[in-house]
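# Coordinates in review
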Amino acid sequence: MRSEYNPVMRIPLWLKVGWTVWVIVWVPVYWREYGPQNFLYFCDLGNLFIAVGLWLESSLIFSWQASSLLFFQSLFSVDLAVAFLSGLHPIGGTEYMFDPHLPLWIRLLSLFHAVTPPLLLWSVWRLGYDGRGWKYQTLTAWIVVPINYFWRAQYDVNWARGPFFREQHTVPGLLYLLAYLIAVPAAVYYPTHRFLVWMTQRWRARS
């Protein structure tokens, strides 16, 4: 990873400190509530990478996490907003946010899913876009998802065993895993990369 040192601070100190303090609070709470496997979710890994990226002001880290999280976290935000307004979950995945059996403060901590997309876009706009990001995320998926498949498989972290937290039995498990490792980078990471290239070109044209 190349050095991206810049003597001029491009990300405000309050944001760096605020996100770091939040992560320090969030990690032990989530560890106790959900267990260590939860930190292999890409969204949770993203919180840690973002903390590092803020202090390093690294366009690579933010581009990497944007290719991973923009699509899925945006879907989470849409589902949450529609459910809040209408009670319906058009996509799914946010039902737990309305579960009265789950403490409210735990649910409020999960609002990072809605904060992440605008933070990533702002950071890419501020620091620039690094086209290597989607390749780093593909490599991350190739490492993390097989771990999810074999370790604590009952939790189906990152849908390593099947979509929507249900183990699939349509095809052999390892064939599903292989298809996942090819399909997600091709259908999510690379298109997000192309979107970010297009977006940053528009930002440059306006500046």
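Everything below is about the structure printed above this text.
Reading the values: the criteria
Residues numbered from 1 in each chain as written. Predicted model: local features only at pLDDT ≥ 70, side-chain atom pairs only at ≥ 80, totals over all residues. Heavy atoms only, no water. Helix = DSSP H or I, 4+ residues; strand = E, 2+ residues; numbered from the N terminus. Rg over C-alpha atoms; globule rule 2.2 N^0.38 Å. Buried < 20%, exposed > 50% of the residue type's maximum accessible area, 1.4 Å probe, protein only. Contact = heavy atoms within 4.5 Å. Areas by Shrake-Rupley, 256 points an atom, 1.4 Å probe, with all protein chains shown as cover. Lys, Arg positive; Asp, Glu negative; His and termini not counted. Charge placed at Lys NZ, Arg CZ, Asp CG, Glu CD. Expected span 1.5 Å × (residues − 1).

Turning next to the overall build of the protein chain. Looking only at helices and strands, one finds 7 helices and 0 strands in the protein chain. Reading the protein chain from its N end, one meets helices and strands in the order α-α-α-α-α-α-α. For 207 residues, the compact-globule estimate of 2.2 N^0.38 gives 17 Å, and the C-alpha radius of gyration of the protein chain, at 18 Å, lies within 12% of that figure. In terms of overall dimensions, the protein chain has C-alpha extents of about 50 × 40 × 35 Å along its principal axes. Expressed as a percentage of its 207 residues, the buried residues of the protein chain come to 46%. Summarising the internal contacts of the protein chain: among those between residues at least 6 apart in sequence, 68% fall at separations of at least 24. Summing over all exposed atoms, the protein chain offers an accessible surface of approximately 11,300 Å²; the carbon and sulfur share of this is 70%. In the protein chain, which carries 15 positive and 10 negative side-chain charges, the distance between the mean positions of the two groups comes to 12 Å.

This brings us to helix α1 (residues 13–34). Look at α1: 31 Å from first C-alpha to last across 22 residues, which is about the 32 Å you get at 1.5 Å a residue. Taken together, the buried positions of α1 are Leu 15, Lys 16, Trp 19, Val 23, Trp 26, Val 29 and Tyr 30. Gly 35 sits one or two residues past α1 and shows a positive phi near 100°.

Remember that the coordinates give geometry; whether it matters functionally is a separate question.
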